[in-house]
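Here are the chains, one letter per residue:
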Amino acid sequence: MTIGRGVIRGHAVTLRRFLVTFARDFRDGLALRRRGGGGLLVDLFRGPARGEERVVVQDATTEGLFTVEYPDERLPVYERFRVLPVLVYDDEDGNVRCTSCNICAKVCPPQCIWMVQAKSPKGTVVPLPEDFFIDMDVCMNCGLCAEYCPFDAIKMDQNFELANSERHQTHVFGLQDLLVSSAYYAQTHPEAWSGPEEVAERAKVAKKKDRRLQKALGVEA
Amino acid sequence: MDVGSALYGTPLFAQSHRVDLTVSTCVIWGLWLIVGFAGLFPGIVAYMVWLERKVAARFQDRIGPNRVGPFGLLQSVADGLKLLVKENIVPRSADQVVHLLAPVLVLVSAFLTLAVVPFAVGLVPIDPPSGLVYLIAVSSISPLGIFLAGWSSHNKYSLLGAMRAVAQLVSYEIPQVLSTIPVVLWAGSLSLVSIFDHQVAYGWNALNPPGFLAFLTFLIASVAEVNRTPFDLPEAESEIVAGYHTEYSGMRFGLFFLAEYLGVFSVSCVATVLFLGGGTPLPFSAFPVNLLDGSVGSYLLVDGILLAVFSLKVLLFVFAMFWVRATLPRMRIDRLMNFAWKYLVPLCILNIVFAAIWYEVVVRPGALTARNWAWGMIAAGLPVVLGVQLVFRANRKLAAARAVDADWPTVGTIAEASR
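Q: What's the story with the overall build of chain B in this structure? I'm lost.
A: Counting secondary structure elements, chain B contains 17 helices and 0 strands. In terms of its C-alpha atoms, chain B occupies a principal-axis envelope of roughly 75 × 65 × 60 Å. Across the 419 residues in chain B, those meeting the buried criterion constitute 41%.

Q: How should the environment of W341 of chain B be read in this particular structure?
A: Residues and elements named next belong to chain B. Tracing the sequence through the fold places W341 in helix α15 (residues 333–363). The class for W341 is partly exposed, based on 14 C-beta atoms found within 10 Å. Spatially, the C-alpha atoms of W341 and P103 are 29 Å apart, while their sequence positions differ by 238 residues.

Q: I tried to follow helix α11 (residues 209–225) of chain B on my own but got confused; where do I start?
A: Residue pairs spaced three or four apart in an α-helix point in one direction, given the helix's 3.6 residues per turn. Residue and element names in this part refer to chain B. Here α11 is 17 residues long and its end C-alpha atoms lie 24 Å apart, about the 24 Å a rise of 1.5 Å per residue gives. In terms of burial, α11 is a largely internal element, 15 of the 17 residues being buried. N227 occupies a position one or two residues after α11 and carries a positive phi of about 60°.

Q: Even after reading the chapter, I still don't get the sheet that holds strand β6 (residues 154–156) of chain A, so can you show me in this structure?
A: Two pairing modes exist for strands in a sheet, parallel and antiparallel, and in both the strands are linked by backbone hydrogen bonds. All names here are of chain A. Pairing is mixed across the open sheet formed by 3 strands, whose spatial order is β6-β3-β8. Of all strands in the sheet, those with a lone pairing partner are β6 and β8 (179–181), marking the two edges. Strand-to-strand, the axes of this sheet are offset by a mean angle of 50°, without reference to chain direction. Bridge analysis of strand β3 (residues 85–89) against β8 gives 3 bridges, and the strand direction is parallel.

Q: Could you clarify how one ought to interpret the sheet that holds strand β7 (residues 172–173) of chain A in this entry?
A: Residue and element names in this part refer to chain A. Reading across from one edge, β4-β5-β7 is the order of the 3 strands in this open sheet, with antiparallel pairing throughout. Of all the strands in the sheet, the pair left with one neighbour each is β4 (113–119) and β7. Bridge count for strand β5 (residues 125–135) against β7 is 2 bridges, and the pairing is antiparallel. Counterpart to I134 in the pairing with β7 is F173.

Q: Honestly, the domain arrangement of chain B in this entry has me stumped. Any pointers?
A: Many descriptions give the size of an interface as the accessible area lost when the pieces come together. Residues and elements named next belong to chain B. One can read the domain layout of chain B as domain 1 (24–85) and domain 2 (90–333). Relative placement of domain 1 and domain 2: their C-alpha centres are 18 Å apart. Each partner contributes residues to the interface: domain 1 has 14 residues there, and domain 2 has 15 residues. Mapped onto the side of domain 1 that touches domain 2, the elements with two or more residues apiece are α3 (23–59) and α4 (75–85). If one sorts the elements of the side of domain 1 that touches domain 2 by residue count, α3 sits on top with 12 residues.

Q: When you look at the confidence of the model for chain A in this model, what are you seeing that I'm missing?
A: In low-pLDDT regions, the fine details of the predicted coordinates are not to be read closely. All names here are of chain A. Per-residue pLDDT for chain A has a mean of 81; in total, 84% of the residues score no lower than 70. For chain A, the element scoring lowest by mean pLDDT is strand β1 (residues 54–55), at 74; helix α2 (residues 103–107) scores highest, at 93. Predicted confidence is poor over residues 36–40, with pLDDT under 50, and the contacts of this stretch with residues over four places away or in other chains come to 13 contacts.

Definitions and cut-offs
- Residues numbered from 1 in each chain as written.
- Chains lettered and ligands numbered in written order.
- Predicted model: local features only at pLDDT ≥ 70, side-chain atom pairs only at ≥ 80, totals over all residues.
- Helix = DSSP H or I, 4+ residues; strand = E, 2+ residues; numbered from the N terminus.
- Buried ≥ 20, exposed ≤ 12 C-beta atoms within 10 Å, placed from the backbone.
- Expected span 1.5 Å × (residues − 1).
- Pairing = 2+ DSSP bridges.
- Axes fitted to C-alpha atoms, helices over the stretch in contact; angles between N-to-C directions.
- Domains from an automatic or database assignment.
- Contact = placed C-beta atoms within 7 Å.
- pLDDT = per-residue confidence, 0-100.

Below is the structure:
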């Protein structure tokens, strides 16, 4: 009898898929838990706290495709993942690295960066930004600003949760929104931060920056 | 001439269900209406939707609803509220009254089907002596409702869906009805309660060759009757938007939705009663029913067992429908019609003859004996296998038309093969 053999085999394939999901949940100890959720059988509406979510890795070893329950579970964020630019200040002395040289603003393809140069009381130029703006609605996350920055001041951040209920005031990020510490950058980009070339480059740039700053302030004084 | 005496004794009158309309009958019917038809059955349907979404998600390596309540259990409540609150849009050019009436008709048909299902001993809303005829009659109201929905919407997709629905439902009603004839033949009654009693004495109907064939055809025809994949052409969303309920929104769409799942539930119940021995857990034993000794306690015990097993069997059918839905793609309309008229109908008609053989060998001698049963398996089993082979062979070889300019593998006719 060959009648309907293909249909029966097809049903066996889907049934296997169905059963495998239970085996997987059982193996992960998640059969009775909400995936990524609390450990209780009944955890009505409570999800894990921010930052304590289960990180789900989906790679070649993953059996089947499964949904990542995003707010409760996350995919890992890799170092080169980039969203918006931020301005780095050094933890040791609190100096903003940016010299307000305007290279990033010139190179920015959608022209979403602009800044105000800091001035001394005498009116001379100080290599610091008075204010710094990025329109996050316009930014296309290309990372050219970070590539071109001669002082390693502007870097690409990994925070992608930027949803907002108001867009006219809050979507143009000012200097205070953009500043992050070098410790934060070191945490999100461990490889870029601790590579030997990076360390040497950092020292060189810091020296250069320091010289320029001293010169500017010396003129002022 | 006295009209009453003229009518008395006619077959129609003799078949009528005679119930004393006492207070207790009214209370029981009221309870069935309020607890069963207004409370329990819609609740079951709501959770069937939840179950389908969960099961379908498993089949596709997803999770399914899990946001509203634990395991997403309150999802059906949220969905119901959403449907109730949504705006009810009726197209200006629609036939207003019919547009409102159509979903109600479909729903009524689905509800009425459940009225004769014996869930357990004594747990049946009504038991008319011609219950199966009633069942067929009320289940064929739903094509009317669907057609009215498509017609009144004044929309080409609705009308296309309705036309497909009517063609499909009318076609598949025939194998569905024909496949119940063996059951009626063996039980000697159209009453679903008698059919249940017959299976308590003679084993489940699905467990003999003609019964199994009838069971399969009934299942396939039922899936087509309730418009589920692979027979969901009337509401094929990739071709005709949503078919007959394209122009329905809000709770009117909700009624169609309710009716569809209620149809799945009632068809599963009917299949359980007709072929899987209702709520009996063991196929060839009268196990829980023979515990009845007239006391209330034994009644509760027996009905508890019967109800539990009954729900398990219904769940099995419901799961099977989900499974088929997760596996098979939609059929083409010409193949759908071919399958009903060229395969199922001839098979069902042949099967009535095989059922008669089984009746002569096993049922007529009186009680069920192992010797008769073995003889029946041979005498009826062989013809069933041959009959299935004959119908498929005839359709695939003899009656197969030569496809013109086919670039897909085709089946040659026998005349060609012997050339």
